[in-house]
Amino acid sequence: MQGNLKIGFIGGGNMASALIGGLAGKLTAGANIHVVDPNADALQKLQSTFGVTTSPQIDAALAQCEVIVLSVKPQQMKDVVQQLRPHVSKQLVLSIAAGIRAVDLSRWLGGHAAIVRTMPNTPALIGKGITGMVAMDGVSDAQRNAADAIMRAVGATVWLDNESLIDPVTAVSGSGPAYVFYFIEAMQQAAQEMGLTAEQGNQLAIETFVGAAQLAANSTDPVSVLRERVTSKGGTTYAALTSMDGSGVKDAIVKALKAAAARGKELGEEFGKD
Ligand SMILES: NC(=O)C1=CN([C@@H]2O[C@H](COP(=O)(O)OP(=O)(O)OC[C@H]3O[C@@H](n4cnc5c(N)ncnc54)[C@H](O)[C@@H]3O)[C@@H](O)[C@H]2O)C=CC1
Ligand SMILES: O=C(O)[C@@H]1CCC=N1
């Protein structure tokens, strides 16, 4: 069900490439996607893989887009958006940046009201992303549906009523893949320290994550019940979880996610000034 939606991307890096991979040839033709990025290699790769059009700087082609996705780092957002301003009239502006507030994007765009803030994550690369999103008051139903369709091209979506919840979403699922990789790395290290080969450790740790996550996704029971089913009284899992509790692992994880959310808020304050 390929349509003709014209989408511009400002920034063609990791997250934008994952999104474009889900959209091109599916939601819309690759030729309907226009990517702006000063990095010639990134543009060349996107052009040859997906047939998108490209430009090293913000250009008039963006005025023809129905949706413009802001996918640069928070630090670059103000500059980029101010350059974009002359090319924005009725378009839906969809930001994937951590921290940057809609009110600041709107002001830099001269009072533009059609803004959706989103927080995707990198499993979008394989169509398994999850995106939290929130629409500002000036977004029409059609634009909201377009935003949802764009993010659903790479996974599931969760709509929020309040923009302040984007920072917690960033902390849970936006940054979340890194915590999972961190945990896998720790399991791989332990496997090797206990005599397994690196290859065996990799396979055992990764398949355990894939299997356990799928089990949790398919189960009607809460994950705490699934955990209890693994934990025989006086057994090995009990020994591991008792050790983790003794080291304060769960509290450390909760604290870490709160630090991520706080950093999201801080990014908005730091790079949203003026
Ligand atoms: N990487 C992740 O897991 C996630 C990232 N995000 C957000 O996505 C945004 C982009 O992050 P990544 O893709 O990871 O970074 P990235 O560094 O891979 O991509 C940023 C791109 O912007 C380009 N760029 C720099 N200046 C530019 C300009 N003036 N005009 C146009 N393009 C310009 C860079 O050349 C680069 O290709 C960030 O705001 C981040 O908060 C959101 C969710 C997850
Ligand atoms: O680390 C970051 O700031 C970005 C946002 C979520 C994932 N990566």
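Cut-offs applied
- Residues numbered from 1 in each chain as written.
- Chains lettered and ligands numbered in written order.
- Predicted model: local features only at pLDDT ≥ 70, side-chain atom pairs only at ≥ 80, totals over all residues.
- UniProt positions renumbered as here; feature names shortened; annotations may be inferred.
- Helix = DSSP H or I, 4+ residues; strand = E, 2+ residues; numbered from the N terminus.
- Buried ≥ 20, exposed ≤ 12 C-beta atoms within 10 Å, placed from the backbone.
- Domains from an automatic or database assignment.
- Nonpolar A, V, L, I, M, F, W, Y, C, P; charged D, E, K, R; others polar.
- Near = placed C-beta within 6 Å.
- pLDDT = per-residue confidence, 0-100.
- Pairing = 2+ DSSP bridges.
- Right-handed = clockwise from strand over helix to strand, strands pointing away.
- Axes fitted to C-alpha atoms, helices over the stretch in contact; angles between N-to-C directions.
- Parallel < 35°, antiparallel > 145°, perpendicular 65-115°, else oblique.
- Left-handed = near helix turned anticlockwise from the far one by under 90°.
- Contact = placed C-beta atoms within 7 Å.

An unreviewed UniProt entry lists the protein under the name Pyrroline-5-carboxylate reductase, with Noviherbaspirillum denitrificans given as the organism. Taken verbatim from the UniProt record of the protein, the Function (unreviewed entry) comment is "Catalyzes the reduction of 1-pyrroline-5-carboxylate (PCA) to L-proline." Heading Pathway (unreviewed entry) of the UniProt record for the protein holds this comment: "Amino-acid biosynthesis; L-proline biosynthesis; L-proline from L-glutamate 5-semialdehyde: step 1/1."

Draft legend 1. Looking closely at the overall build of the protein. Across its full length, the protein holds eleven helices and eight strands. The dimensions of the protein, computed from C-alpha atoms along their principal axes, are 65 × 40 × 35 Å. A burial count over the protein gives 33% of its 274 residues as buried.

Draft legend 2. Region of interest: the domain arrangement of the protein. Examined at the domain level, the protein breaks down into domain 1 (7-169) and domain 2 (176-265). The C-alpha centroid of domain 2 is placed 33 Å from the C-alpha centroid of domain 1. Considering only residue class, the side of domain 1 that touches domain 2 consists of three nonpolar, three polar and one charged.

Draft legend 3. Structural detail: the site of ligand 1. Taken together, 26 residues sit near ligand 1, with Gly-11, Gly-13, Met-15, Ala-97 and Ala-98 positioned nearest. Breaking the shell around ligand 1 down by element, the ones donating at least two residues are helix H1 (14-23) and helix H3 (74-84). Across the shell around ligand 1, the residue classes break down as 14 nonpolar, ten polar and two charged.

Draft legend 4. Focus on the confidence of the model for the protein. Of the residues in the protein, 99% reach a pLDDT of 70 or more, and the chain-wide mean stands at 96. Across the whole predicted complex the pTM is 0.96, and at the interface the ipTM reaches 0.99.

Draft legend 5. Focus on the pairing of strand S5 (residues 92-95). What you see with S5 is no split at all: Leu-92 and Leu-94 on one side and Val-93 and Ser-95 on the other are buried throughout. Note: strand S4 (residues 67-70) against S5, four bridges, orientation parallel. The partner of Val-69 across the bridge, within S5, is Leu-94. In the classification by handedness, the crossover that spans S4, the intervening H3 and the parallel S5 is right-handed. Of the pairings in the sheet, the one linking S5 to strand S6 (residues 115-119) comprises three bridges and is parallel in character. Counted as the bridge partner of Val-93 is Ile-115 from S6.

Draft legend 6. The site of ligand 2, seen in detail. In the vicinity of ligand 2, the residues found are Ala-98, Thr-170, Gly-174 and Ser-175. Looking at side-chain class alone, the shell around ligand 2 contains one nonpolar, three polar and no charged residues.

Draft legend 7. Up close: the packing of helix H7 (residues 176-193) against helix H8 (residues 198-218). The geometry of H7 relative to H8 is characterised by a closest axis approach of 8 Å and an angle of 140° between their N-to-C directions. In terms of axis orientation, H7 runs oblique to H8. Relative to H8, the crossing made by H7 is right-handed. Residues Val-180, Ile-184, Met-187, Gln-188, Ala-191 and Gln-192 of H7 pack against Ala-198, Gln-200, Gly-201, Asn-202, Leu-204, Ala-205, Ile-206 and Phe-209 of H8. Residue classes in the contact of H7 with H8 are distributed as nine nonpolar, five polar and no charged.

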